[in-house]
Amino acid sequence: PEGEDLRIIKAATICTQYKIANCVLLGKTRVIQKLAKDHNIEMCKKIKIVDPDKVREKYVEPMVELRRSRHLSKEMAMEKLKDNIYLGTMMLHLGDVDGLVAGVQHTTANTVRPAFQLIKTAQSANFISSVFLMCFPEQVLVFSDCAVYPKPNVDELAEIAIHSADTARFFGIEPKVAMISYSTGESGQGS
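Conventions used here
Residues numbered from 1 in each chain as written. Predicted model: local features only at pLDDT ≥ 70, side-chain atom pairs only at ≥ 80, totals over all residues. Heavy atoms only, no water. Helix = DSSP H or I, 4+ residues; strand = E, 2+ residues; numbered from the N terminus. Buried < 20%, exposed > 50% of the residue type's maximum accessible area, 1.4 Å probe, protein only. Lys, Arg positive; Asp, Glu negative; His and termini not counted. Salt bridge = Lys/Arg side-chain N within 4 Å of Asp/Glu carboxyl O. Polar contact = N/O pair within 3.5 Å; in protein donor to acceptor, adjacent residues only side chain to side chain. Contact = heavy atoms within 4.5 Å. Phe/Tyr/Trp six-rings, centres within 6.5 Å; stacked < 30°, edge-to-face > 60°. Pairing = 2+ DSSP bridges.

### Focus on the side chain of E2
Checked against the element boundaries, E2 lands in the segment before α1 (6–17). R7 provides the closest opposite charge to the buried, unpaired E2, separated from it by 7.0 Å. A distance of 2.5 Å separates a polar atom in the side chain of E2 from a polar atom in the side chain of H106. Ignoring anything within four residues of it in the chain, the contact list for E2 reads I8, L26, I85, A102, G103, V104, Q105 and H106.

### Considerations on the pattern of salt bridges
Enumeration according to the criterion identifies 10 salt bridges in this entry. For the salt bridge of R56 with D53, the shortest nitrogen-to-oxygen distance reads 2.8 Å. For R56, a relative accessible area of 10% puts it in the buried group. Via salt bridges that share partners, K28, D51, D53 and R56 belong to a single interconnected network.

### With respect to the packing of aromatic side chains
The relation between two aromatic rings is expressed through the spacing of the ring centres and the mutual angle of the planes. Applying the stated criterion across every chain, the model contains two aromatic pairs. Ring centres 5.2 Å apart and planes at 5° place the aromatic pair F132 and F143 in the stacked group. Within this pair, whereas F132 is found in strand β3 (residues 130–135), its partner F143 is found in strand β4 (residues 140–145), the two being separated by 11 residues in sequence. Given the relative accessible area of 39%, F132 is considered partly exposed. Ring centres of F170 and F171 lie 5.1 Å apart, and the angle between their planes is 85°; on these two criteria the pair is classed as edge-to-face.

### Structural notes on the pairing of β4
The pairing of β3 with β4 spans six bridges and is antiparallel. Bridging from a neighbouring strand, L133 pairs with V142 of β4. Adjacent in sequence and paired antiparallel, β3 and β4 are bridged by four residues.

### Describing helix α6 (residues 84–93)
Judged by how many residues are buried, α6 sits mostly within the fold: eight of 10 residues are covered. For α6, the full list of buried residues reads N84, I85, Y86, L87, G88, T89, M90 and M91. In this fold, the buried residues of α6 make contact with β1 (24–26), α3 (52–55), α4 (60–66), α5 (74–80) and α7 (108–118). Between a side-chain oxygen at the N-terminus of α6 and the backbone nitrogen of I85 the separation is 2.9 Å; the capping residue is D83. Once α6 finishes, G95 follows within two positions and takes phi at roughly 80°, a positive value.

Here it is as structure tokens:
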């Protein structure tokens, strides 16, 4: 959904070159291509660029249906879908993409909110949290971010740990769970 961001363009190029993923960038083709050209990035033709203005309408009715209990009108859905995070989340929900990478230009809350509203949590989950994978030459580490719950209680921490282990297993990683502080010294604002 943040396809017009230089970092996303670079990441999509790397992911495509290494055959990690078939990337879809949401954004204006001319903007993305100009950014790539201005920064000497040779974009692979396999990277698909989707203009949000050309596909948004397709997702209005499905979004209205998903949010019927919240009385979402077509006009309200169209307005929400102007936010590429909501649009990308609908693409994910309908299977038009297999995953969504965001958070470069958006806060955790703005990235997670559409997923929470449109996709919902698994039945086994009581709440949501985010997760990211760090890929090193010899290992892959899974980190769960408690940013959604700045002060998680014991039960929430336990559930985050369990779902982190499940995520690791999903990617073929034998989990070893460690709890660490989100901040050291004065780097964080919370307690």
